[in-house]
Amino acid sequence: MFNEKDQIAVNTIRALSVDQIEKANSGHPGLPMGAAPMAYALWAGHLHVNPQEAEWINRDRFVLSAGHGSAMLYSLLHLSGFDLSIEDLKNFRQAGSKTPGHPEYRHTQGVEATTGPLGQGIAQAVGMATAQEHLAALYNTDEFPILDHYVYALVGDGDLMEGISYEACSFAGRQKLGKLIVLYDSNNISLDGDLDQAFTEDIKGRFEAQGWHYQKVTNGNDLNQISQAIDKAKHVQDQPSLIEIKTVIGYGSPNQGTSKVHGAPIGQEAWTKTKEIYKYTQEAFVVAEEARALFQEKVIDRGQKAYRAWQDLFAKYEGAHPELASSLKAAFAGELPSNYDEAMTFANVADKAEASRATSGRAINAIAQSVPYFWGGSADLSGSNKTMIKDTEDFMPESRRGRNIWFGVREFAMAAMMNGIQLYGGSKIYGGTFFVFSDYLKAAVRLSALSKLPVTYVLTHDSIAVGEDGPTHEPIEHLAAFRAMPNLNVLRPADVNETMVAWKVALESKETPSLLVLSRQNLPVLANTQEKAEDGLRKGAYIISPEADGDLQGILIATGSEVALAIEAQALLKKAGYNVRVVSMPCQNLFDQMDPAYREEVLPSAVRQRMSIEMGAGFGWERYVGLDGVVYSIDRFGASAPGDQVVEDYGFTAEKVSQAFQDSFK
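None of the values given here were measured: they were computed from a predicted structure.

Undergrad: Can you lay out the UniProt feature "binding site: Mg(2+)" (unreviewed entry) in the protein chain for me, pointing to particular residues and giving the numbers?
TA: UniProt marks D157, N187 and I189 with the feature "binding site: Mg(2+)" (unreviewed entry), using the numbering shown here. In terms of the greatest pairwise C-alpha distance, the residues named above, spread along 33 residues, form a tight cluster of at most 7.8 Å across. As for its position among the elements, N187 is in the loop between strand 3 (180–186) and strand 4 (189–190). What N187 contacts, discounting residues up to four positions off in sequence, is D157, T247 and I249. Summarising the element assignment, I189 is placed in strand 4. Here I189 falls in the buried class, since its relative accessible area comes to 7%. If we ignore the near neighbours within four places in the chain, the residues touching I189 are D157, D194, L195, I249, G257, T258 and S259.

Undergrad: Can you lay out the domain arrangement of the protein chain for me, pointing to particular residues and giving the numbers?
TA: Here the protein chain is described as being made up of domain 1 (5–306), domain 2 (356–517) and domain 3 (529–665). Here domain 2 and domain 3 have C-alpha centroids that lie 26 Å from each other. In this assembly, 29 residues from domain 2 lie in contact with 37 residues from domain 3. Carbon and sulfur atoms make up 56% of the surface buried where domain 2 meets domain 3, a total of about 2700 Å² over both sides. By the criterion of area lost to domain 3, the three top residues of domain 2 are I464, I476 and R492, representing 25% of everything that side buries.

Undergrad: Tell me what's going on with the pattern of salt bridges, and back it up with residues and numbers.
TA: Pairing is possible between side chains that carry opposite charge, provided their charged atoms lie close to one another. Under the counting rule described, the total for this entry stands at 24 salt bridges. We note a salt bridge from E269 to K273, for which the minimum N-O separation is 3.8 Å. On the criterion of helical spacing, the pair formed by E269 and K273 is a turn pair, its members being four residues apart in helix 10 (residues 268–278). For E269, a relative accessible area of 59% puts it in the exposed group. Among the salt bridges present, the one from R538 reaches E534, with a minimum N-O distance of 3.0 Å. One end of the pair, R538, and the other, E534, are both in helix 19 (residues 529–538), four residues apart, so they sit about a helical turn from each other. A relative accessible area of 29% means that R538 is categorised as partly exposed. Given a relative accessible area of 26%, E534 falls into the partly exposed group.

Undergrad: With reference to specific residues and values, describe the packing of aromatic side chains.
TA: Per the counting criterion, the structure on display carries 29 aromatic pairs. For the pair F434 and F437, a centre-to-centre distance of 5.8 Å together with 25° between the ring planes defines the contact as stacked. Residue classification places F434 among the buried residues on the basis of a relative accessible area of 9%. The exposure class assigned to F437 is buried, which follows from its relative accessible area of 19%. For the pair Y632 and F652, a centre-to-centre distance of 5.2 Å together with 70° between the ring planes defines the contact as edge-to-face. Here Y632 is found in strand 20 (residues 630–632), whereas its partner F652 is found in the loop between helix 24 (643–649) and helix 25 (654–664), with 20 residues between them in sequence. Note on accessibility: Y632 and F652 belong to one class, buried. Among the aromatic residues, those joined into a ring-pair cluster are W56, F144, Y307, W310, F314 and Y317. Lying across the ring of Y150, K179 places its NZ or CZ 4.6 Å from the centre.

Undergrad: Before we move on, can you summarise the packing of helix 1 (residues 4–24) against helix 11 (residues 289–320) with the specific residues and values?
TA: Contact pair helix 1 / helix 11: the axes reach a minimum separation of 9 Å and the direction vectors enclose 100°. By the angle class used here, helix 1 and helix 11 are roughly perpendicular. Contact residues: K5, D6, I8, A9, T12 and I13 in helix 1; E290, A291, L294, F295 and K298 in helix 11. Broken down by class, the residue content of the contact of helix 1 with helix 11 amounts to six nonpolar, one polar and four charged.

Undergrad: How would you summarise empty space enclosed by the protein if you had to cite specific residues and measurements?
TA: Per the counting criterion, the structure on display carries two cavities of 30 Å³ or more. Put simply, the largest cavity is a space of about 40 Å³. Lining the largest cavity are F374, Q422, K428, I429, P454, V455, T456, W503, A506 and L507. Every element with two or more residues in the lining of the largest cavity is listed here: strand 11 (428–434) and helix 18 (496–508). Take the lining of the largest cavity: its biggest share by element is three residues, from helix 18. Looking at the lining of the largest cavity residue by residue, the class counts come to seven nonpolar, two polar and one charged. What the second largest cavity holds in volume is close to 30 Å³. What lines the second largest cavity is F62, V63, L64, L73, P103, V111, E112, A113 and T115. Broken down by element, the lining of the second largest cavity gets its largest block of residues, three residues, from strand 1 (residues 61–64). In the lining of the second largest cavity, the residues fall into seven nonpolar, one polar and one charged.

So, how was this worked out
Residues numbered from 1 in each chain as written. Predicted model: local features only at pLDDT ≥ 70, side-chain atom pairs only at ≥ 80, totals over all residues. Heavy atoms only, no water. UniProt positions renumbered as here; feature names shortened; annotations may be inferred. Helix = DSSP H or I, 4+ residues; strand = E, 2+ residues; numbered from the N terminus. Contact = heavy atoms within 4.5 Å. Buried < 20%, exposed > 50% of the residue type's maximum accessible area, 1.4 Å probe, protein only. Domains from an automatic or database assignment. Buried area = accessible area lost by both parts, 1.4 Å probe. Salt bridge = Lys/Arg side-chain N within 4 Å of Asp/Glu carboxyl O. Phe/Tyr/Trp six-rings, centres within 6.5 Å; stacked < 30°, edge-to-face > 60°. Lys NZ or Arg CZ within 6 Å of the ring centre and 35° of its normal. Axes fitted to C-alpha atoms, helices over the stretch in contact; angles between N-to-C directions. Parallel < 35°, antiparallel > 145°, perpendicular 65-115°, else oblique. Nonpolar A, V, L, I, M, F, W, Y, C, P; charged D, E, K, R; others polar. 1 Å grid on protein atoms, 1.4 Å probe; cavity = no way out; pocket = protein on both sides within 12 Å on 5 of 7 lines; lining within 4 Å. Points joined across faces, edges and corners; volume = space filled by probe spheres on them.

The following block contains the structure:
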């Protein structure tokens, strides 16, 4: 398949990568110099992409999990005809460029996932392969394999050292994700030095134990050996594949094979010597016509040919199965049926109290009735999180149409896989765990927000009201931590009606992930939410219980279960001669986006006597109560006792809240 001519293309990838790093005086040259052959063998021999239709749904996905090697990815994208010019390469790592230090989804055409934090890329690739299996089962027919391609990831030693890789690869093996092929750049070096100082695992034994197909390529410069291994992996349909490819980091440079070439420019003198070894004569950022011709033939033309064949197939599919084709288009466009919320029911004050986790479970099943591409699961807590979709199978190798995903006790991987499922397209995905365990998945939530992925996290058992399980299971600082994250909707609803609307906000979101923070204990249906929650929650905060006639003397601001508590305290304060209103603020981020006039209407600046009430850390509430206000919160860890007792011991009763307000504003 490959011959000496192809070496020109390989060295061009290396050269463009090093040119970017040298010009920026910043970057990681070791990976591009060592891994360029495997990248070229994949892109020129196997990968089907079409830069003219970069979002083609049946393209192969390539995830550079070792995101520090971004210069190589940008070189590949430029040479393959994506919207990335030589000028863009020259602006590597510069302000406002299309070539940031690590790849960013939505920022650079052709980048399939935001990577850099090691381990998350491989987990996102597992998510993509999971999505393909499910959506292929939903939309493919025997005659029309509309979704039939591969997901590739390039990983390094650091990716495989991270715990998330164990979680994700264990899931992939159990699910027999045969369309997933991982290329492992095995060079025996990590950033600090020799790999054996920290990592001496039997990779073959590890991955085979996890249910993977394993191959080893001993010469990372042998294009044909690499390509043959990829071809063999493509024929293994019931296992994900790992191909360990032995490479030399910084290949050809004076410091090859050492950590010195991992994360710093090699310098012009060393680069001149290295180009002599490569027999590469082009000036910086100049691409030889032979190299361009090879990429035109082997990547661009081949990809466009595959795309045209798929277009013909889809046209026949659309004619034979118009409803399926229409549903598929809507799914990948992120469109919801106009009546998607038809089965979501609101409640009135006469209805019985219900935990918001239970309401969420009902919302999930209502949505599932009308949104076929809505699915998800839990990190082994579905019974507690109420995340199971009824009347459907579990997603398993023998039941790919199943909509309940058994993520297992793998919170971090679950979140990163959800990102991968969303990146793939065609799904509305959710995943659940206890709110306190969100610490395990926070790094992936950050990539959800950074990547503008509207995934939904169902986080239950939201406060010290958890009770007997004690401080290890009672979240304190978590709300404040997540509220500090940009582009994230943290939604803590107060009752049935707010919970239903919170799910609507999450499902309708286009670029913002949602955290639904839900109670274990029952919450009463509050007066006014049946009428006000639809509009009020979407605005982030609203007046749920207005003040009595007369001058407004104070404001109580609360979230979740504490809204009912605030309304009780309001009644006590009225008896004590204080005329206050209660504001429900389920989502600070949404409220902050409202126009100043609305914010002033809800929280009049002239009213300085304000108190926030929340069973969690008070950090951040200063923005809403002001310098004269009071933050009624928890500044210590929880305790193990019946939930009602813990709540009372920590001061969250109407009497204690009312008294605290009076003591503060005498």
